[in-house]
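# Survey of secondary and tertiary structure
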Amino acid sequence: MSANRPAAVVVLAAGEGTRMKSATPKVLHDICGRSLVGHVLAASGELEPENLVVVVGHAREQVTAHLAEVAPGARTAVQAEQNGTGHAVRMGLEELGGSVDGTVVVVCGDTPLLTGETLRRLSATHSADGNAVTVLTAEVPDATGYGRIVRDEASGAVTAIVEHKDASPEQRAIREINSGVFAFDGALLAGALKKVRTDNSQGEEYLTDVLGILREAGHRVGASVAGDHREIAGINNRVQLSQARRILNDRLLTAAMLSGVTVVDPATTWVDVSVTFEQDVVVHPGTQLHGATHLAEGCEVGPNARLTDTRVGAGARVDNTVASGAEVGPEASVGPFAYLRPGTRLGRGGKIGTYVETKNASIGEGTKVPHLSYVGDATIGEFSNIGAASVFVNYDGQDKHHTTVGSHCRTGSDNMFVAPVTVGDGAYTAAGSVITKDVPPGSLAVARGQQRNIEGWVARKRPGSAAAKAAEEAVRGSAEEG
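Please read these numbers as outputs of a predicted model, since none were measured by experiment. (Residues numbered from 1 in each chain as written. Predicted model: local features only at pLDDT ≥ 70, side-chain atom pairs only at ≥ 80, totals over all residues. Heavy atoms only, no water.)

### Digging into the overall build of the protein
A tally of helices and strands in the protein yields ten helices and 39 strands. A principal-axis box enclosing the C-alpha atoms of the protein has dimensions of 115 × 50 × 45 Å. Positive and negative side-chain charges in the protein, numbering 44 and 55 respectively, have mean positions lying 5 Å apart. (Helix = DSSP H or I, 4+ residues; strand = E, 2+ residues; numbered from the N terminus. Lys, Arg positive; Asp, Glu negative; His and termini not counted. Charge placed at Lys NZ, Arg CZ, Asp CG, Glu CD.)

Structure, rendered in structure tokens:
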């Protein structure tokens, strides 16, 4: 248990986010496999707070439903009217009884780049320095538009946060800015919030006013500087959303590469925070990895692959493939241009080849489905070969049915397996067959009409055509040779 464990973390997620121009609440927009607020909750969770409260307001039904999925232990407080950040924090404290003994950390729900490590440093600094308030700050290349942090030169304590429009030329030269993230003494915070006024241009309760109230009461206001100023960036529009996505994606790929993964082209490779890798994985350009995807040691994925909730075994190769909810066994091969739908399980050394689609299919070790086929609702044993242009006919218009093909089978090209049907171990099926009955082990199934040639049909039915002339010349040439 951390010695700096806060009594509460309050996440502000009540705003509408009109600049996103979206029917989706701002904090629910997704980057790298999590919502904006989901990233903030993950970072906050690393503090192991005694209480986690999310203040909701705009579209609160949607936001609350999302929170139940991603942070079931979080409590919610409702800010029915968005009357400022101070008011929002007050609503959060009321959910906890109005006052909290210990540290209260306040974070914004639209800062997905914020890390748990930065929050731990903030909490540790707050405790070590005995501050009433500790502001998370950052030094930025261009501070235009941000509130400047003014410090006491002797002690380093924060004496004021001055908004850009109110700053003097000397203050505008300051590059240290306010992030909107704070650590408070809980009891002092509750008392100061009662004194926050609304006599400002917006008629709102500003959380930053608490700093002045506590400082005037003789309490110390300190700061903790974020190591990377990009961590504190809030998301207000789609441009900022894309910028944050790129930063977070680069962060994830850097961690992967440092752990032993080769990412051939990070600029065209996208991953979710939940994706995991083992050493010596190679990820080729144009690859997207989502959800609970896991790449095992020595496998290669891409180029141009999109895997979601898919496990790729050691030494396997997945090329130009879309897969969701699938499992590719060790040393197996998939693609190019394959589609693995949920429930696909490919065994060790197996192959799913070009223009093959699979769904709810268990394909055994060493078995190959090389070309132009659909395998759905099926079990195929070990070391079998499915001929090109085969279709497992699993749907009768109302219900799905299962097909079983045994081990060491050889099925012909252009086969239809009309489920439910079973092909026994070691059986063969002839090309062009429609298999509607079970095939016993070791048998050859032939299910097609007898071929009948009607000679002279083209000359009679298509006289004068190019085909008729070609046939006439072929017959004449054959006669002359004879």
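### Focus: the pattern of salt bridges
Applying the stated criterion across every chain, the model contains 17 salt bridges. The salt bridge partner of Glu117 is Arg120, with a shortest N-O separation of 2.8 Å. You can see Glu117 and its partner Arg120 sitting in helix H4 (residues 116-129), three residues apart, about one turn around the helix. It is possible to trace a salt-bridge network through shared partners that takes in Glu46, Glu117, Arg120 and Arg121. (Salt bridge = Lys/Arg side-chain N within 4 Å of Asp/Glu carboxyl O.)

### Here's the deal with the nonpolar core
Counting 44 residues, the largest nonpolar core has Leu295, Val301 and Leu307 as the members making the most contacts within it. Elements that contribute at least two residues to this core include exactly helix H8 (238-258), strand E25 (338-340), strand E28 (357-363), strand E30 (374-380) and strand E36 (421-423). The element that contributes the greatest number of residues to this core is E30, accounting for three residues. The contacts of Leu295, once residues within four sequence positions are left out, are Thr276, Phe277, Glu278, Val281, Val283, Leu289, Val301, Leu307 and Val312. The next biggest cluster of nonpolar side chains, apart from the first, holds 35 residues, and it includes Ala8, Val53, Ala88 and Ile149. (Core = buried A, V, L, I, M, F, W, Y, C linked by side-chain atoms within 4.5 Å. Buried < 20%, exposed > 50% of the residue type's maximum accessible area, 1.4 Å probe, protein only. Contact = heavy atoms within 4.5 Å.)

### Things to note about helix H2 (residues 60-70)
Within H2, burial applies to Val63, His66 and Leu67. End-on view of H2: buried residues confined to an arc of 105°, all on one side of the axis. Pointing more than 90 degrees away from the buried face of H2 are the exposed residues Glu61, Ala68 and Glu69. As for H2, its buried residues are in contact with strand E3 (34-35), helix H1 (36-45), strand E4 (51-56) and strand E5 (75-78). (Arc of directions from axis to C-beta.)

### What about the packing of aromatic side chains?
Taken as a whole and judged by the stated rule, the model has three aromatic pairs. The interplanar angle of 35° and the centroid separation of 5.5 Å between the aromatic rings of Phe182 and Phe184 together place this pair among those described as tilted. Classification of Phe184 by relative accessible area gives buried; the value is 0%. Aromatic pair Phe392 and Phe417: ring centres 4.9 Å apart, planes at 35°, arrangement tilted. Linking Phe392 in strand E32 (residues 391-393) with Phe417 in strand E35 (residues 416-418), this pair joins segments that are 25 residues apart in sequence. The same class applies to Phe392 as to Phe417, namely buried. Taking the ring centre of Tyr395 as reference, the NZ or CZ of Lys400 above it sits at 5.7 Å. (Phe/Tyr/Trp six-rings, centres within 6.5 Å; stacked < 30°, edge-to-face > 60°. Lys NZ or Arg CZ within 6 Å of the ring centre and 35° of its normal.)

### A short note on the environment of His66
For His66, the location among the structural elements is in helix H2. The class for His66 is buried, based on a relative accessible area of 18%. Note: C-alpha distance between His66 and Thr411 (345 residues apart in sequence) is 48 Å. Leaving out residues up to four positions away in the same chain, His66 has contacts with Leu28, Ser35 and Val37. Engagement of the side chain of His66 in a polar contact is seen with the side chain of Ser35, the distance being 2.7 Å. (Polar contact = N/O pair within 3.5 Å; in protein donor to acceptor, adjacent residues only side chain to side chain.)

### Digging into H8
With 21 residues, H8 should reach 30 Å at 1.5 Å per residue; the first-to-last C-alpha distance of 30 Å fits that figure. Buried within H8 we find Leu241, Ala244, Leu248, Asn249, Leu253 and Ala256. All buried residues of H8 lie within an arc of 165° about the axis, which places them on one face of the element. Projecting away from the buried face of H8 at angles above 90 degrees are the exposed residues Val239 and Leu258. As for H8, its buried residues are in contact with strand E2 (30-31), H1, strand E12 (262-263), strand E13 (270-271) and strand E14 (276-277). (Expected span 1.5 Å × (residues − 1).)

### Notes on the pairing of strand E7 (residues 133-139)
Of all seven residues in E7, six are buried, a share of seventy percent or more. Relative to strand E10 (residues 176-185), E7 runs antiparallel, the two sharing six bridges. What sits directly across from Val135, in E10, is Phe182. Of the pairings in the sheet, the one linking E7 to strand E11 (residues 221-225) comprises five bridges and is parallel in character. Paired with Leu136 across the strands is Ser224, a residue of E11. (Pairing = 2+ DSSP bridges.)

### Description of the side chain of Ser123
Along the chain, the position of Ser123 falls in helix H4. When residues no more than four places from it in sequence are discounted, the contact partners of Ser123 are Asn4, Pro6 and Leu47.

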